[in-house]
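Remarks on the overall topology
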Amino acid sequence: MKKIRSVLVANRGEIAIRVFRACNELGIRTVAIYSKEDSLSLHRFRADESYLVGEGKKPVDAYLDIEDIIRIAHEHDVDAIHPGYGFLSENADLAKRCEEEGIIFIGPKVEHLIMFGDKINARIQAKKAGIQYIPGSDGPVMNYAEVEKFAKQVGFPIMLKAVNGGGGRGMRMVDRMADLRDAYDRAKSEAKLAFGSDEIYLEKCIVNPKHVEVQIMGDEHGNVIHLFERDCSIQRRHQKVVETAPASALPVELRQKICNAALKLMKNVHYVNAGTVEFLSERIRSGILNAKKIECSLKLSILSLSAMKAEESNICKAAQLNDVRTEKAVRLIRAGCFNCGKIRFFCADIFDDIKAMIRKCKDIFEIFRCMLQSHKYVEKERIMSFFK
């Protein structure tokens, strides 16, 4: 496989800047794309070169213009495209077009994006790997009668989810029969608007679960490692608000079980590159939720940024995976020491909601206070505002 000398990041903002920073450390030329509205955006000026994408289109649509991204890559001698996360990161069409055009796609293989982009297929893969997963329908439900039948069989509460969903959209929790019909209609309508498909499937709802995500990396030689876990349990409208790493209040045995399950799943499908496997845990039970494209920024803070990005680039060059887990991180996580951890905040415009949630979650509050004593690992200014 050809050497990566230049990378185009098909993303914007801090996501793109993180990739540029890692590329600079590796001596790789960087190329940014920007919409007309992002003409003065910082990420444009952090790259070696930057070019307008999706001219005449809306801001979001510009970054989703696959053909224009490919055009820019060809015109400016780009060897590889990194999608970041969000936007096209889970889009198999971009990976396929890169493959067709002889451009390296820094991300999972096309077959893996297809395999895990659909939640029904993800459940099937979990079943094949022999991993415990949440009870649910075997496929999309065809009509309301099937929904009603499922609810009577497994009991309330249940979750209605868009097959192609993500980001908390197309999801409805129902805890009584009187609300089922309305929730079904709304879930289908929202799924159609957000994802272009109104297919939904059903799952038994786990009430107040611990949402744990495991970071993994795999190479072309069959090696798969995990990079530990993070806790994403504090959510608003099914979207993550706070992430902590390592996960708090997670028994050592359960942590090991979850990490091993993530490895088993990815080894079973011969997964290549970086990814995330998500779990819901209730007491000592756990179930697989989905597997998806990596969201790097939290995990990179307790590991090595350069090492992680170097490994991702090396994997795309068919090199063998090195174990990038730092000895210090391994030792501290095994010891249950949260001073090595990192907190990541989402939805910065809803401080009051976050404060309210933190007051109800004393273990998270204690972790915040503990982390503030270790300024080396925490961006204090991003945390202090939540204590005022």
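1. Observations concerning the confidence of the model for the protein
When pLDDT is averaged across the protein, the result is 77; 72% of the residues are at 70 or more. Taken together, the stretch residues 292-308 has pLDDT below 50 and engages in 72 contacts with residues farther than four places along the chain or on a different chain.

2. Digging into the sheet that holds strand β8 (residues 200-204)
The antiparallel open sheet is built from three strands, whose spatial order is β7-β6-β8. This sheet does not close on itself; its edge strands, each paired only once, are β7 (171-174) and β8. Across the sheet, the axes of successive neighbouring strands diverge by a mean angle of 20°, strand direction being ignored. Its contacts with the sheet put helix α8 (residues 144-154) on β6 (158-162) and β8, and the angle it makes with β8 is roughly 10°.

3. Some points on the sheet that holds strand β1 (residues 6-9)
If you trace the five strands from one edge of the open sheet to the other, you get β3-β2-β1-β4-β5, paired in parallel fashion. Strand pairing shows two members of the sheet lacking a second neighbour, β3 (49-52) and β5 (104-105), which therefore form its edges. Direction of pairing for β1 relative to strand β4 (residues 80-82): parallel, over a ladder of three bridges. Considered in β4, the bridge of V7 is made with A80. Helix α4 (residues 66-75) rests against β1, β2 (29-34), β3 and β4 of the sheet, and its axis sits at about 140° to β3.

4. Looking at unusual backbone geometry
Along the chain, F156 connects to P157 via a cis peptide bond; the corresponding omega equals 0°. Looking at the secondary structure, you find P157 in the loop between α8 and β6. A positive phi angle is found at F228, which is not glycine, with a value near 75°. Tracing the chain through its elements places F228 in strand β10 (residues 224-231). Positive phi values are uncommon outside glycine, yet N273 reaches one of about 90°. Locating N273 in the fold gives a position in strand β14 (residues 273-282). The buried category is assigned to N273, whose relative accessible area is 0%.

5. Things to note about α4
When we look at burial in α4, the residues that qualify are I66, D68, I69, I70, I72 and A73. Against the buried residues of α4 lie β1, β2, β3, α3 (59-63), β4 and α5 (92-101). In the stretch just after α4, D77 is the one whose phi turns positive, near 55°.

6. Description of the packing of aromatic side chains
Inspection of the entire model under this criterion finds three aromatic pairs. For the pair Y63 and F87, a centre-to-centre distance of 5.2 Å together with 25° between the ring planes defines the contact as stacked. Of this pair, Y63 sits in helix α3 while F87 sits in the loop between β4 and α5, and the two are 24 residues apart along the sequence. With a relative accessible area of 1%, Y63 lands in the buried category. Judged by relative accessible area, F87 falls into the partly exposed class, the value being 33%. A cation sits over an aromatic face here: R181 above Y144, 4.6 Å from the ring centre.

7. A word on the environment of A73
You can see A73 is positioned in helix α4. Put simply, A73 and L8 are 65 residues apart on the chain and 6.9 Å apart in space, counted from C-alpha to C-alpha. With sequence-adjacent residues up to four places away left out, A73 is seen in contact with L8, V78, I81 and I103.

8. Considering the packing of α8 against helix α9 (residues 180-195)
Contact geometry for α8 and α9: axes closest at 11 Å, N-to-C directions at 125°. It follows from the interaxial angle that α8 and α9 lie oblique. As α8 runs across α9, the sense of the crossing is right-handed. Between α8 and α9, the residues in contact are Y144, V147, E148 and A151 and L180, R181 and Y184, respectively. Looking at the contact of α8 with α9 residue by residue, the classes come out as five nonpolar, no polar and two charged.

9. Quick word on the pattern of salt bridges
Counted by the stated rule, this structure contains 22 salt bridges. D65 is the salt-bridge partner of K57, the closest N and O atoms lying 3.0 Å from each other. Under the relative-accessibility criterion, K57 is labelled partly exposed at 41%. Its salt-bridge partner being R176, residue D179 comes within 2.7 Å of it at the nearest N-O pair.

Calculation criteria
All residue numbers refer to position in the chain's written sequence, counted from 1. Only residues with pLDDT of 70 or above have their local features reported here, since the model is predicted, and side-chain atom pairs are shown and tallied only from 80 upward, although totals for entire chains, interfaces and linings are computed over all residues. Values reported for side chains reflect all heavy atoms of the structure, with hydrogen atoms and water molecules removed beforehand. pLDDT is defined as a per-residue confidence score from the predictor, taking values between 0 and 100. Contacts: residue pairs with any heavy atoms within 4.5 Å of one another. The criterion for strand pairing is that DSSP finds at least two bridges linking the strands in question. Going along the chain from the N terminus, every DSSP run of H or I of four or more residues is numbered as a helix, and every run of E of two or more is numbered as a strand. Helix axes are fitted only over the stretch in contact, all axes being lines through C-alpha atoms; the angle between N-to-C directions runs from 0 to 180 degrees. Three exposure classes are used, based on accessible area relative to the maximum for each residue type with a 1.4 Å probe and protein chains only: buried under 20%, partly exposed in between, and exposed over 50%. Side-chain rings of Phe, Tyr and Trp, where Trp is taken by its six-membered ring, are said to pair if the distance between their centres is within 6.5 Å; with planes under 30 degrees apart they count as stacked, over 60 as edge-to-face, and otherwise as tilted. In this analysis the charged atom, NZ for Lys or CZ for Arg, is taken to sit over a ring once it is within 6 Å of the ring centre and within 35 degrees of the ring normal. If an angle is under 35 degrees, it is roughly parallel; if it is over 145, roughly antiparallel; if it lies from 65 to 115, roughly perpendicular; otherwise it is oblique. Crossing handedness is read from the near helix: turned anticlockwise from the far helix by less than a right angle, it gives a left-handed crossing, and turned clockwise, a right-handed one. Note on residue classes: Ala, Val, Leu, Ile, Met, Phe, Trp, Tyr, Cys and Pro are nonpolar, Asp, Glu, Lys and Arg are charged, and everything else, Gly too, is polar. For this document, the term salt bridge refers to a Lys or Arg side-chain nitrogen within 4 Å of an Asp or Glu carboxyl oxygen.

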